[in-house]
Amino acid sequence: MCKGDRVVLPRERVIEVIEGRKPDRTPVYGWVRANLSEQLAEAFGSVEAFEDRYEFDLAHLFGGPPSYAPGALVDLRENTGRDIDPRGLLDIPMTDPDDQAAYAGIANSLRHYKDSRSRFTYVQTPGIFESNNGPFGIENHLMYLGLYEGDLHEVYARQADWNKTFAHNCLDLGVDMIHVSDDWGAQEALMFSPQTWWDLLYPYHKITCDSVKGRGAYVSLHTDGNVTQILDGITQLGYDVMHPYQESAGMDLSEYKAKYRGSFTAMGGLDVQTTIGFGDYDRLRREIQRVLGMFPDGGLLFCTTHFVQDHCTIDELTFAYDLVYDLVRQDGGD
């Protein structure tokens, strides 16, 4: 679209919203690849063709080295005959985050999305809690928060240092935003106490946030569930974007708009838990209209709240994005 006599590029549009300015229209994206790639390829030729059809403004990139070498965790479990605890995990070396060959996929994605289509790019990077659910198992991990606090500080500090290097390598390639994935919420509250979050997670998220912000780049957080109890802490960390601000978990975009809009930008609005994928086209239409109508002057990156599930038909997906495409191009978005 144009702003005055100038065509606004997708990347510029997203940056305007993140920096608190009114865009020419609401930026649009959707997490559709994970569960619908085959269906989209059959209907559109490829996921990329679907993204082009609806002129998505953002691109979610994946790649880079894993935190631990493939098989290392399996070997540890087999050698000890028991679940991995924090002290045992510290005995396993992490991979080299400076292995440049591991970033080839991200570099290729940047050429497609940023160089060829001028989209705003963000790359998935590990968090602190979620990334260690793999080694520990989430049930054990929640128990370890109370049993092994000292050892977890060491585990998390090592993870944070690895994450920082990973993030810098992505920024060196030209990624616009570091996207930290770290699920903390259940449907009604955190999975652990707010004090545990402040003591054990906040310090190590701050390492990544401060480092990325020091480069003049953007940093975003993905955390599912209701995290209302620590929204002020998320603000203090300096996250520029929060995804998904989940209304189906008791959070309210009206509260975000009234209290937090000047602190971070919400990304989401199309709820995969209650709205899209259930065959209720009237509800789907109303919810899209409601959410877009709340932010005619910015403050929202419109996106699905998570990956669209495979029970969503292509007809319903195209119905939703046809509507979104038209609404964001109307004055005021309503």
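To start, this report covers the structure provided alongside it.

The rules behind the values
Residues numbered from 1 in each chain as written. Predicted model: local features only at pLDDT ≥ 70, side-chain atom pairs only at ≥ 80, totals over all residues. Heavy atoms only, no water. Helix = DSSP H or I, 4+ residues; strand = E, 2+ residues; numbered from the N terminus. Rg over C-alpha atoms; globule rule 2.2 N^0.38 Å. Areas by Shrake-Rupley, 256 points an atom, 1.4 Å probe, with all protein chains shown as cover. Lys, Arg positive; Asp, Glu negative; His and termini not counted. Charge placed at Lys NZ, Arg CZ, Asp CG, Glu CD. Salt bridge = Lys/Arg side-chain N within 4 Å of Asp/Glu carboxyl O. Buried < 20%, exposed > 50% of the residue type's maximum accessible area, 1.4 Å probe, protein only. Disulfide = S-S within 2.5 Å. Axes fitted to C-alpha atoms, helices over the stretch in contact; angles between N-to-C directions. Parallel < 35°, antiparallel > 145°, perpendicular 65-115°, else oblique. Left-handed = near helix turned anticlockwise from the far one by under 90°. Contact = heavy atoms within 4.5 Å. Core = buried A, V, L, I, M, F, W, Y, C linked by side-chain atoms within 4.5 Å. Pairing = 2+ DSSP bridges. Polar contact = N/O pair within 3.5 Å; in protein donor to acceptor, adjacent residues only side chain to side chain. Expected span 1.5 Å × (residues − 1).

### What to know about the overall build of the chain
Now for step 1: What the chain contains, in helices and strands, is 14 helices and nine strands.
Now for step 2: Expected size for 334 residues packed as a compact globule is a radius of gyration near 20 Å; at 20 Å, the chain falls within 12% of this value.
Now for step 3: Dimensions of the chain, computed from C-alpha atoms along their principal axes, come out at roughly 60 × 40 × 40 Å.
Now for step 4: When the accessible surface of the chain is totalled, it reaches about 13700 Å², and 48% of it is carbon and sulfur.
Now for step 5: Counting 29 positive and 52 negative side-chain charges, the chain places the averaged centre of each group 7 Å from the other.

### A closer look at the pattern of salt bridges
Now for step 1: All told, the structure shown has 21 salt bridges when counted by the stated rule.
Now for step 2: The closest approach of N and O atoms between Arg119 and Asp52, which form a salt bridge, is 2.6 Å. Of the two residues, Arg119 sits in the loop between helix 6 (104-115) and strand 4 (120-126) while Asp52 sits in helix 3 (residues 47-53), which places them 67 residues apart along the sequence.
Now for step 3: A salt bridge links Asp172 to Arg215, with the shortest nitrogen-to-oxygen separation between them at 2.8 Å. Linking Asp172 in helix 9 (residues 149-173) with Arg215 in the loop between helix 10 (194-214) and strand 6 (218-222), this pair joins segments that are 43 residues apart in sequence.
Now for step 4: Given a relative accessible area of 54%, Asp172 falls into the exposed group.
Now for step 5: What you see here is one network of salt bridges that share partners, running through Arg13, Asp24, Arg25 and Asp57.

### Remarks on the state of the cysteines
Now for step 1: Evaluated as defined, the whole model comprises zero disulfides.
Now for step 2: Lacking any disulfide linkage, Cys209 is separated from the closest cysteine sulfur, that of Cys170, by 15 Å.
Now for step 3: Using a relative accessible area of 0% as the deciding quantity, one classes Cys209 as buried.

### Considering the packing of helix 13 (residues 281-294) against helix 14 (residues 314-328)
Now for step 1: The interhelical angle for the contact between helix 13 and helix 14, taken along N-to-C directions, is 30°, at an axis separation of 10 Å. On the basis of the axis angle, helix 13 is roughly parallel to helix 14. Between helix 13 and helix 14 lies a crossing whose hand is right-handed. Here Tyr281, Leu284, Arg285, Ile288, Gln289 and Leu292 of helix 13 come into contact with helix 14, specifically with Asp315, Glu316, Phe319, Ala320, Leu323, Val324, Leu327 and Val328.

### Regarding the nonpolar core
Nonpolar side chains in soluble globular proteins tend to be buried together.
Now for step 1: Counting 104 residues, the largest nonpolar core has Tyr156, Trp184, Ile234, Tyr245, Ile288, Leu317 and Tyr321 as its most contacted members.
Now for step 2: The leading source of residues in this core is helix 9, at nine residues.
Now for step 3: When near neighbours in sequence (up to four residues on either side) are disregarded, Tyr156 contacts Ile128, Phe129, Asn132, His141, Leu145, Leu200, Leu201 and Tyr204.

### Digging into the sheet that holds strand 9 (residues 300-304)
Now for step 1: Here seven strands make up an open sheet; going across it, the order is 3-4-5-6-7-8-9 and the pairing parallel. Every other strand in the sheet has two partners, leaving strand 3 (58-61) and strand 9 as the edge strands with one partner each. Across the sheet, the mean angle separating the axes of adjacent strands is 30° when strand polarity is ignored.
Now for step 2: Both strand 5 (residues 177-181) and strand 6 contribute to a ladder of five bridges, which runs parallel. Looking at strand 6, one finds that Ser181 is bridged to His222.
Now for step 3: Where helix 6 meets the sheet, its contacts fall on strand 3 and strand 4, and the angle it forms with strand 3 comes to roughly 170°.

### A look at the environment of Asn140
Now for step 1: The topology assignment puts Asn140 in helix 8 (residues 138-147).
Now for step 2: Asn140 sits 127 residues away from Met267 along the chain, and the two C-alpha atoms are 31 Å apart.
Now for step 3: Within the structure, the side chain of Asn140 is placed 3.2 Å from the backbone oxygen of Phe136, a separation counted as a polar contact.

### Here's the deal with helix 9
Now for step 1: In this model helix 9 runs 36 Å from its N-terminal to its C-terminal C-alpha over 25 residues, within 8% of the 36 Å that 1.5 Å per residue would give.
Now for step 2: Phi for Gly174, located one or two positions after helix 9, is positive at around 115°.

### Here's the deal with the pairing of strand 3
Now for step 1: Neither face of strand 3 is exposed, since Leu58 and His60 on one face and Ala59 and Leu61 on the opposite face are all buried.
Now for step 2: Across four bridges, the pairing between strand 3 and strand 4 is parallel. The residue bridging Leu58 from the neighbouring strand is Phe120, located in strand 4.

### Considerations on the environment of Asp315
Now for step 1: By secondary structure assignment, the location of Asp315 is in helix 14.
Now for step 2: The spatial distance from the C-alpha of Asp315 to the C-alpha of Gly279 is 9.6 Å, given a sequence separation of 36 residues.

### Some points on helix 13
Now for step 1: In this model, helix 13 (14 residues) spans 20 Å end to end at C-alpha, consistent with the 20 Å of a helix rising 1.5 Å per residue.
Now for step 2: Taken together, the buried residues of helix 13 touch helix 12 (253-260), strand 8 (265-270), strand 9 and helix 14.

### Re the side chain of Asp57
Now for step 1: In this structure, Asp57 sits in the loop between helix 3 and strand 3.
Now for step 2: Within polar-contact distance, the side chain of Asp57 engages the side chain of Arg13 at 2.6 Å.
Now for step 3: Once you skip the residues sitting within four places of it in the chain, Asp57 turns out to touch Pro10, Arg13, Val14, Arg25, Thr26, Pro27, Val28, Arg119 and Phe120.

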